[in-house]
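# Structure at a glance
In case you want the letters, here they are:
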Protein chains: 2
Amino acid sequence: MSEEKKKKVALLGMGTVGSGVYEILQKQRKNMPAKIGCILEVAKVLVRNKAKYADRLPADTLTDQWTDIIDDDSIELVVEVMGGIEPAYSYIKAALQKGKHVVTANKDLMATHGHELLEIARENHCDLLFEAAVAGGTPIIRPMKQCLLGNDISEVMGIINGTTNFILSKMSEEGMDYAEALKLAQDLGYAEADPTADVEGYDAGRKLAIMASIAFHTPVTFDDVYTEGISKITEKDIRYAHELGYEIKLLGIARLVDGGIEVRVHPTMIPMEHPLSAIKDSFNAIFLHGDSVDDVMFYGRGAGSLPTGSAVVGDLMDIARNMQYNCTGRIGCSCYQNVAIKPMSETKSSYYIRMKLEDRAGTLAALAGVFGSNHVSISMLIQKAKEDDQTAEVVIVTYDVAEKQFMDSMTVISTMSMVHKVSSIIRVHH
Amino acid sequence: MSEEKKKKVALLGMGTVGSGVYEILQKQRKNMPAKIGCILEVAKVLVRNKAKYADRLPADTLTDQWTDIIDDDSIELVVEVMGGIEPAYSYIKAALQKGKHVVTANKDLMATHGHELLEIARENHCDLLFEAAVAGGTPIIRPMKQCLLGNDISEVMGIINGTTNFILSKMSEEGMDYAEALKLAQDLGYAEADPTADVEGYDAGRKLAIMASIAFHTPVTFDDVYTEGISKITEKDIRYAHELGYEIKLLGIARLVDGGIEVRVHPTMIPMEHPLSAIKDSFNAIFLHGDSVDDVMFYGRGAGSLPTGSAVVGDLMDIARNMQYNCTGRIGCSCYQNVAIKPMSETKSSYYIRMKLEDRAGTLAALAGVFGSNHVSISMLIQKAKEDDQTAEVVIVTYDVAEKQFMDSMTVISTMSMVHKVSSIIRVHH
């Protein structure tokens, strides 16, 4: 294949995703002329420490100087797989301004500066693709921007963090407690030494912001997303959930309700019959409702070197085709409106509450009174046998109610003398 | 919006899918300038009997003359939703030759003449898109041709016929027999008066041929697909399947094995843990394995006016964007090789057999002898209590074996005097 049929790619970063991308590009090289009419060739790989990669990569490919890439006009595509905001943000911005096309797997960056970067891409007639930033290898960005574009989407709901889904699966299936399941996830490499971003829902929140922006054609950033993690979920709550016909999952939920957007990540009880309840281990799945397509779900690996690399390479191949047809920038930012984001207090949900109550006459009536005066209706109540300390464990599930009204009633309830402990509050999705 | 920002669309057919497309295009009209930079306007609708639609469609839109469409150069997009081979084939061919872009939901046509039509599209720099031809509203064609293009796909396996999945779900969940479940499907409009194409697997076979072509970059037509329907599945087999930890589904399976392509549609026992086993009612799901992405699954509505219309409109919107960027024909036929199709006799599978045997010593030994001499190994055997007529019901599951060897052994077994009846043979997927 002649030189002009080669497109030079620079990789920024050679960690988990970067090495997956590199491996796939080598492996697919022989099929590329037939698949996309050209060869994507890794010309430069930017790393901090060249020596570390000397045995894996050709010496003339490795560089620790960004200028070797940004100033090289023969490099037409840049893959950013460093993660984090800086220097990724500055590099991508500079690359686009020089007319280089960019593929990124960086959810932190896209959830914060995505709209600005897409605007810079548009001005420079460049592609900026980020399929890998949400749900790893699972196709979701392109399906939403193209296949489902004829829909008004009302809900996007997903298991978009594999670490927490692995932990919750182990708790649900094997009766592990949270600490034990987290330890296992860390031992297997599913969770990092500092698991905060995963278990507190920040990672899921970033992916949700990106999906909500596309679904509702409105800029949504990570700051707009309410996040609540799984560290307070107990094995006991999971057993109650099963008894009630639910599974507990960390869901990212974005909904269009009464002209406003709800975006929230929190542990959620979903009915066993819901397709998302069957998603096990570290798999991701995104469930979507459109006015025409009805329900649709995408399932796959949300992380990992090759799965995430698969999404990056899919984007690169698409750009290569666009370049040959001179139509880069064909699909950019799809936000053409500004729907208001609802504050969490105005969102509506059903709630599961587990409490320890004094076991005497009038306790439940008093509770019911507080709920009633805040317009909280009870759909289900389970009272378990008395415990040693003369308290009874009670589980209540409410009907849908505004978060504010529910929380107001809980503020009162938690101060009542017969309420010894509010052990858990978990939102329920019907 | 000025006249030049309108793109004229002709609809061929106004049945279930056609009316869905029409409804979505009306509903999305206000969003189209923001979504795709132009308005897709239905200029003509070709129907057989204009009077039938007079109250639903403007008089100047309705026509019963193909020449009103093919000879009108202002019509740039044609949507074929008539179904069947002719006149759909001739119309699409003529439209492409005149430089009109085409969207079709016609699986029969694409599974038979798809490659030829895509070649004509290429010659004329036209788009010919058919997302709606497989799994209705569920995105699958575009994800395979774009998002997953960096993979070598080794398996595509799907529940791609909603009618049969509905019937099997009712048999599995409510213990209905086949006739009863088929009757219910017909009463609810899921099955046609003549259900042959669905229940015999022809419809699934067409969709599988289309998917296999894309997955393996090789022309695969409906004639290449082995098909076996569900009409012989009994409620008893379903009960045994559950006992063994399986669900019975009509699967379309396309695999790349030892450099050859297997393409087959047949009832299949799949493990309860497999994501496809949880797909209920008339939903469709396609499960795919790629060397990089690992497992991925797409789930949604495989039929219906609006879901299928959603896929057609997604394609139309994509073409509208391509037209404005002057890059139509950007993604056409993706078959660049010719991998051999394996004859069914060479495919490998595990088999479930249910038989009535004479209940006397030596029967099982004789069976085992025949299997053994054909290299069929038994992985599981269940013998149920003797029945009234001095026979015993036996269920056997084999290990993976070539179809030919298995069938050879069954030919011998079925003629043995102690074998009163071979009640069922169902393939098992591990």
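Residues numbered from 1 in each chain as written. Chains lettered and ligands numbered in written order. Predicted model: local features only at pLDDT ≥ 70, side-chain atom pairs only at ≥ 80, totals over all residues. Heavy atoms only, no water.

The next subject is the overall build of chain A. The number of helices and strands found in chain A is 14 helices and 17 strands. With respect to the principal axes defined by its C-alpha atoms, chain A has extents near 85 × 45 × 35 Å. With the model as given, the accessible surface of chain A reaches about 16,000 Å², and the carbon-plus-sulfur share is 48%. If you average the places of the 44 positive and of the 58 negative side-chain charges in chain A, the two averages end up 3 Å apart. (Helix = DSSP H or I, 4+ residues; strand = E, 2+ residues; numbered from the N terminus. Areas by Shrake-Rupley, 256 points an atom, 1.4 Å probe, with all protein chains shown as cover. Lys, Arg positive; Asp, Glu negative; His and termini not counted. Charge placed at Lys NZ, Arg CZ, Asp CG, Glu CD.)

Residues and elements named next belong to chain B. Inspection of the secondary structure assignment puts K44 in strand β2 (residues 39-46). Buried within the structure, K44 lacks any salt-bridge partner; its nearest side chain of opposite charge belongs to D68, at an N-O separation of 5.2 Å. In this structure, K44 is in contact with V9, A10, L11, D60, T61, T63, I69 and I75, ignoring residues within four places of it in sequence. (Buried < 20%, exposed > 50% of the residue type's maximum accessible area, 1.4 Å probe, protein only. Salt bridge = Lys/Arg side-chain N within 4 Å of Asp/Glu carboxyl O. Contact = heavy atoms within 4.5 Å.)

What follows is about the side chain of S213 of chain B. Residue and element names in this part refer to chain B. The topology assignment puts S213 in helix α10 (residues 202-216). Among the residues examined, S213 registers a relative accessible area of 4% and is labelled buried. In this structure, S213 is in contact with H115, T218, P219, V220 and C335, ignoring residues within four places of it in sequence.

The next point concerns the sheet that holds β2 of chain B. Residues and elements named next belong to chain B. Reading across the sheet, the 6 strands line up as β3-β2-β1-β4-β5-β6 and stay open at both edges, with parallel pairing between neighbours. The sheet terminates laterally at β3 (62-63) and β6 (128-129), the two strands that pair on one side only. Here strand β5 (residues 101-104) runs beside β6; their pairing, made up of 2 bridges, is parallel. Opposite V102, over in β6, you have L128 as the bridge partner. (Pairing = 2+ DSSP bridges.)

Looking now at the interface of chain A and chain B. Taken together, the contact pairs 52 residues of chain A with 52 residues of chain B. Both sides together, the interface formed by chain A and chain B hides about 4,400 Å², and carbon and sulfur atoms give 56% of it. The largest share of the area that chain A buries against chain B comes from C147, Y299 and R330 of chain A, three residues that together contribute 15% of it. The tally of links between chain A and chain B comes to 6 salt bridges. D291 of chain B is paired through a salt bridge with K27 of chain A; the nearest N and O atoms lie 2.7 Å apart. Summed over the shared surface of chain A and chain B, the result is 26 residue pairs in polar contact (both at pLDDT 80 or more). Going through the elements one at a time, α1 (16-28), α2 (32-36), α6 (141-147), β12 (294-301) and α12 (305-324) of chain A are the ones with two or more residues in the side of chain A that touches chain B. Here the side of chain A that touches chain B gets 9 residues from one element, more than from any other, and that element is α12 of chain A. By the bridge criterion, 5 bridges tie β12 of chain A to strand β12 (residues 294-301) of chain B in an arrangement that is antiparallel. Within the sheet, the bridge partner assigned to F298 of chain A lies in β12 of chain B and is F298 of chain B. (Buried area = accessible area lost by both parts, 1.4 Å probe. Polar contact = N/O pair within 3.5 Å; in protein donor to acceptor, adjacent residues only side chain to side chain.)

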